[in-house]
Amino acid sequence: MTDKPIDWTPDLSLPTSKSTVQHFIANAGGDRLEIDTTPWGEADLTVNGQSIAHLATAPSAGDAFRTLEAVAEDFEACKDAGRDAGKDARLDQVIEDDEVRERLGLPRF
């Protein structure tokens, strides 16, 4: 995880209700991070327009957001570690849904 928490801002231009997609934006380490969540627990994390992680079956939108928030923090921490080592540690890094599930101890379907 990063030393500084990522400051997520909700996209207030979208309508808000319990039945719509919520969109959150943050800037960290020179990257533009975005998380989209649905009420049924599906969520996507993109970094600079590239899809990094997808979560298909979290218990709720809040759980999906918190999971991808942790993935984003780990992603930024790896980037910082790679920079310290003199290389980019995130090249072609993609986190699959099953990997996220396994990390969280959730069952596979």
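Residues numbered from 1 in each chain as written. Predicted model: local features only at pLDDT ≥ 70, side-chain atom pairs only at ≥ 80, totals over all residues. Heavy atoms only, no water.

What follows covers the nonpolar core. Ranked by internal contacts, the top residues of the largest apolar core, which has 20 residues, are I6, W8, L33, I35, L45 and L68. Among the elements of the structure, β2 (22-28), β3 (31-37), β4 (43-47), β5 (50-55) and α1 (61-84) are those that each provide at least two residues to this core. Broken down by element, this core gets its largest block of residues, six residues, from α1. For L45, the residues in contact, after removing those within four places along its chain, are W8, E34, I35, Q50, S51, I52, A53, L68, V71 and A72. (Core = buried A, V, L, I, M, F, W, Y, C linked by side-chain atoms within 4.5 Å. Buried < 20%, exposed > 50% of the residue type's maximum accessible area, 1.4 Å probe, protein only. Helix = DSSP H or I, 4+ residues; strand = E, 2+ residues; numbered from the N terminus. Contact = heavy atoms within 4.5 Å.)

Of note in this structure, N48 is not a glycine but carries a positive phi near 50 degrees. Counting through the fold element by element, N48 comes out in the loop between β4 and β5.

Within β4, four of the five residues are buried, which leaves it mostly tucked inside the rest of the structure. When β3 meets β4, the two strands line up antiparallel, connected through five bridges. Pairing of I35 across the sheet is with L45, part of β4. With antiparallel pairing between neighbouring strands as the criterion, β3 and β4 make up a hairpin whose turn holds five residues, including G41 at a positive phi of roughly 95 degrees. Sheet topology note: the β4/β5 ladder contains five bridges and is antiparallel. When the bridges of β5 are listed, D44 appears paired with H54. Connecting β4 to the next strand, β5, in antiparallel fashion are two residues, including N48 with a positive phi near 50 degrees. (Pairing = 2+ DSSP bridges.)

Turning to the pattern of salt bridges, a few remarks are in order. Inspection of the entire model under this criterion finds two salt bridges. E34 serves as the salt-bridge partner of R32, at 3.2 Å between the closest nitrogen and oxygen. Note on E34: relative accessible area 16%, which makes it buried. A salt bridge links R66 to D63, with the shortest nitrogen-to-oxygen separation between them at 2.7 Å. Of this pair, R66 and D63 both sit in helix α1, three residues apart, which is roughly one turn of that helix. (Salt bridge = Lys/Arg side-chain N within 4 Å of Asp/Glu carboxyl O.)

Below, the discussion takes up the confidence of the model for the chain. Per-residue confidence for the chain gives a mean pLDDT of 77; residues scoring 70 or more make up 65%. Within the chain, the element-level pLDDT minimum falls on helix α2 (residues 97-104), averaging 61, and the maximum on β3, averaging 94. (pLDDT = per-residue confidence, 0-100.)

Turning next to the sheet that holds β3. An order of β1-β2-β3-β4-β5 is seen for the five strands of this open sheet, with the pairing classed as antiparallel. Either end of the sheet is taken by a strand with one partner, and the two such strands are β1 (9-10) and β5. When β1 meets β2, the two strands line up antiparallel, connected through two bridges. Within β2, the position partnered with P10 by the bridge is F24.

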